[in-house]
Amino acid sequence: MKEKVYEIISNIYCILFLLILFICNILYYYGFINGDIISGILIAFGVLGLIIYLANKVIYKKVRIYDLIVLLIYLFCCISYKYAFDKKVAMWGFFGGREGMFVIFSYYIIFLVFSTLRSLNIKDLIFKILTFEGLVQVIYGLLQVFGVENVFGMPILNLANYSSGLYFNSNFMGSCMVLMLGLWLPKLLLENGKLKDKIIDFIFTFIFVIGLLSCGTMSAFVAMICLIIMAIVYYIVKRKKYELKKVILRIVFLDLIVFSSLLILTNFTGSKLNNDIEELENQFVGVISGKSDESYGTGRFYIWRETFKYLPKYIWTGIGIDNFTYLGFSEGTFIYDSDLKNNIITKAHNEYLNILANGGIFLLLSYLALIGTILFKFSKRIFKNKKLDFINLSFYFAFCGYLVQAFFNVRITLIAPIFFLIAGLLVSQLDAEEKV
């Protein structure tokens, strides 16, 4: 009886969280609420989630490795807070993003609550909700790049050559699209199904590919290439399950999706994707050959170099959660944009480097231990199991895609929780199989 009540409450919590986060996204974009409100809502869900998760521990009386790693993360966050440059910022977050310690705590509580979900039906519902929300982002983004100023009287903001969706920033749109493409790419390439189902897979994959390319974010493009390689590797390992002709046909369809999306965007909008991809290729060759400069990665190489310059002083405890802005302040300066000299950089433009600078080496290692454990266990599972449901494989691809783009991007409060809940869903599947 207790287990059933817990399942109902946790399911309601998770669905409400997804819906409210999306509503907050829209309200924030149109200026009805600010970043403080979003952070406050995340913290509220964190407190409620903590109560729910403690109830889970009382009912099931089981401590997992993920629980222990999260406790370590909390410990090192607290140590970082003690030595933070600005304790108020460390607690509540820097102006604008507001990703302070309480918000970070909430991410992991959301991860833990989602890790307790068992029903495949609730996972399927989450998959559909995420798909719907991603679809809204793509539609809005395409309205931006095609220069549509309003729809039924509703103004379309941030008209530009590259879409930003409901995020203000094309890089954030790219992060969202990587998650969405991760959900649908394995369904198109790897799932065997009826013709009607494959047509649906084709349509949604096309939607999210064009959404990803429309934002012109090369970190998302790199993640897409990695996801395609992952699918090919999966096929090679599991080739006995698939007909070679069907797989080749699906890859051809995927190529058509990518190239037709490029043609549409470059010919009917102001997008210069072809130039961006060519520049990415040249920079990749430059890095491999040892020839790179500060402009590479849209100035990211410069930001990373400057970050490493100040890291030795803060390597153990970090400068404080969300305190990256002050990294060079003790030396009388900030890290400025390589192009816009008056623009102060507030994130490392690499999630892992950002965690290291803000929280120190032990916080980074704890985070890597968490995602590494999930990645290792689930990778082993998908290559070992003969039968695999594609809802969980989709979540796995989305998880991996996010980890790739995180090397070149910053984390925000509207997208990071989606990554953490997906990570939780992977853990829930691992736990379910351990009990069988």
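Reading guide: rules and limits
Residues numbered from 1 in each chain as written. Predicted model: local features only at pLDDT ≥ 70, side-chain atom pairs only at ≥ 80, totals over all residues. Heavy atoms only, no water. Helix = DSSP H or I, 4+ residues; strand = E, 2+ residues; numbered from the N terminus. Rg over C-alpha atoms; globule rule 2.2 N^0.38 Å. Buried < 20%, exposed > 50% of the residue type's maximum accessible area, 1.4 Å probe, protein only. Contact = heavy atoms within 4.5 Å. Areas by Shrake-Rupley, 256 points an atom, 1.4 Å probe, with all protein chains shown as cover. Lys, Arg positive; Asp, Glu negative; His and termini not counted. Charge placed at Lys NZ, Arg CZ, Asp CG, Glu CD. Axes fitted to C-alpha atoms, helices over the stretch in contact; angles between N-to-C directions. Left-handed = near helix turned anticlockwise from the far one by under 90°. Nonpolar A, V, L, I, M, F, W, Y, C, P; charged D, E, K, R; others polar. Expected span 1.5 Å × (residues − 1). Patch = residues over 30% accessible without salt bridge, like charges linked within 9 Å, V, L, I, M, F, W, Y side chains within 5 Å. Salt bridge = Lys/Arg side-chain N within 4 Å of Asp/Glu carboxyl O. Core = buried A, V, L, I, M, F, W, Y, C linked by side-chain atoms within 4.5 Å. Phe/Tyr/Trp six-rings, centres within 6.5 Å; stacked < 30°, edge-to-face > 60°. Lys NZ or Arg CZ within 6 Å of the ring centre and 35° of its normal.

This part is about the overall build of the protein. Counting secondary structure elements, the protein contains 16 helices and two strands. Compactness check: the protein gives a C-alpha radius of gyration of 22 Å against a globular reference of 22 Å for 436 residues, within 12% of the reference. Across its three principal directions, the C-alpha atoms of the protein cover 60 × 60 × 50 Å. By residue count, 54% of the 436 residues in the protein fall in the buried class. Sequence-distant contacts, at least 24 apart, represent 75% of the contacts inside the protein between residues at least 6 apart. With the model as given, the accessible surface of the protein reaches about 20000 Å², and the carbon-plus-sulfur share is 69%. Each charge class in the protein was averaged separately, 40 positive and 30 negative side chains, and the resulting centres sit 10 Å apart.

The next thing to look at is the packing of helix H7 (residues 170-189) against helix H15 (residues 390-405). Here H7 crosses H15 at 145 degrees, and the two axes come no closer than 7 Å. Judged by the twist between their axes, the crossing of H7 over H15 is right-handed. Counting all contacts with H7, which are made through Ser175, Val178, Leu179, Gly182, Leu183, Pro186 and Lys187, the residues of H15 involved are Phe390, Leu393, Ser394, Phe395, Phe397, Ala398, Gly401, Tyr402 and Gln405. Taken together, the residues of the contact of H7 with H15 break down into 10 nonpolar, five polar and one charged.

Right, let's get into helix H5 (residues 101-114). Across its 14 residues, H5 extends 20 Å between first and last C-alpha, which sits within 8% of the 20 Å expected from 1.5 Å per residue. Where burial is concerned, most of H5 is hidden: 13 out of the 14 residues are buried.

For helix H10 (residues 244-268), spanning 25 residues, the distance from its first C-alpha to its last is 36 Å, which sits close to the expected 36 Å at 1.5 Å a residue. Within H10 the residues assigned to the buried category are Val247, Arg250, Leu254, Ile257, Val258, Ser261, Leu262, Leu265 and Thr266.

A cluster of nonpolar side chains, Leu244, Ile248, Leu249, Val252, Phe253 and Leu256, forms an exposed patch at the surface whose accessible area comes to about 530 Å². Of note, Val252 is situated in helix H10.

This part takes up the nonpolar core. Core analysis: the largest hydrophobic core is formed by 141 residues, its most contacted members being Tyr108, Phe111, Ile126, Leu190, Leu213, Phe395 and Phe399. Considering each element in turn, this core owes the most residues, 13 residues, to H7. Leaving out residues up to four positions away in the same chain, Phe395 has contacts with Lys123, Ile126, Phe127, Leu130, Leu183, Ile422, Leu425 and Leu426.

Looking now at the environment of Leu130. Structurally, the position occupied by Leu130 is in helix H6 (residues 120-145). Under the relative-accessibility criterion, Leu130 is labelled buried at 0%. Along the backbone, Leu130 and Tyr6 are 124 residues apart, and their C-alpha atoms lie at a distance of 23 Å. Discounting chain neighbours no more than four positions away, the residues touching Leu130 are Leu18, Met180, Leu183, Phe395, Ile418 and Ile422.

A word on the packing of aromatic side chains. A full pass over the atoms with the stated rule returns 37 aromatic pairs. Ring geometry for Tyr234 versus Phe383: centroids 6.2 Å apart, planes at 40 degrees, classification tilted. With a gap of 149 residues between them, Tyr234 in helix H9 (residues 218-237) and Phe383 in helix H14 (residues 361-384) connect regions that are remote in the sequence. Centroid distance Tyr352 to Tyr367: 6.4 Å. Interplanar angle 40 degrees. Geometry classified as tilted. A residue pair is termed long-range when its members are at least 10 positions apart, and Tyr352 in helix H13 (residues 351-359) and Tyr367 in helix H14 qualify at 15 residues. The exposure class assigned to Tyr367 is buried, which follows from its relative accessible area of 1%. Among the aromatic residues, those joined into a ring-pair cluster are Tyr74, Phe105, Tyr107, Tyr108, Phe399, Tyr402, Phe419 and Phe420. Seen from the ring of Trp184, Lys187 lies directly overhead, with NZ or CZ sitting 5.6 Å from the centre.

A few words on the pattern of salt bridges. Two side chains of opposite charge can pair, provided their charged atoms sit close to one another. In total, this model carries 12 salt bridges according to the counting rule given. Put simply, Lys57 and Asp67 hold a salt bridge, and the shortest N to O gap is 3.1 Å. One end of the pair, Lys57, is in helix H2 (residues 35-60); the other, Asp67, is in helix H3 (residues 65-82), and 10 residues separate them in sequence. Judged by its relative accessible area of 8%, Asp67 is buried. In this structure, the salt-bridge partner of Lys347 is Glu99, at a minimum N-O distance of 3.1 Å. Linking Lys347 in the loop between helix H12 (300-314) and H13 with Glu99 in the loop between helix H4 (87-92) and H5, this pair joins segments that are 248 residues apart in sequence. A relative accessible area of 5% places Glu99 in the buried class. Through salt bridges with shared partners, a single network forms among Lys57, Arg64, Asp67 and Asp431.

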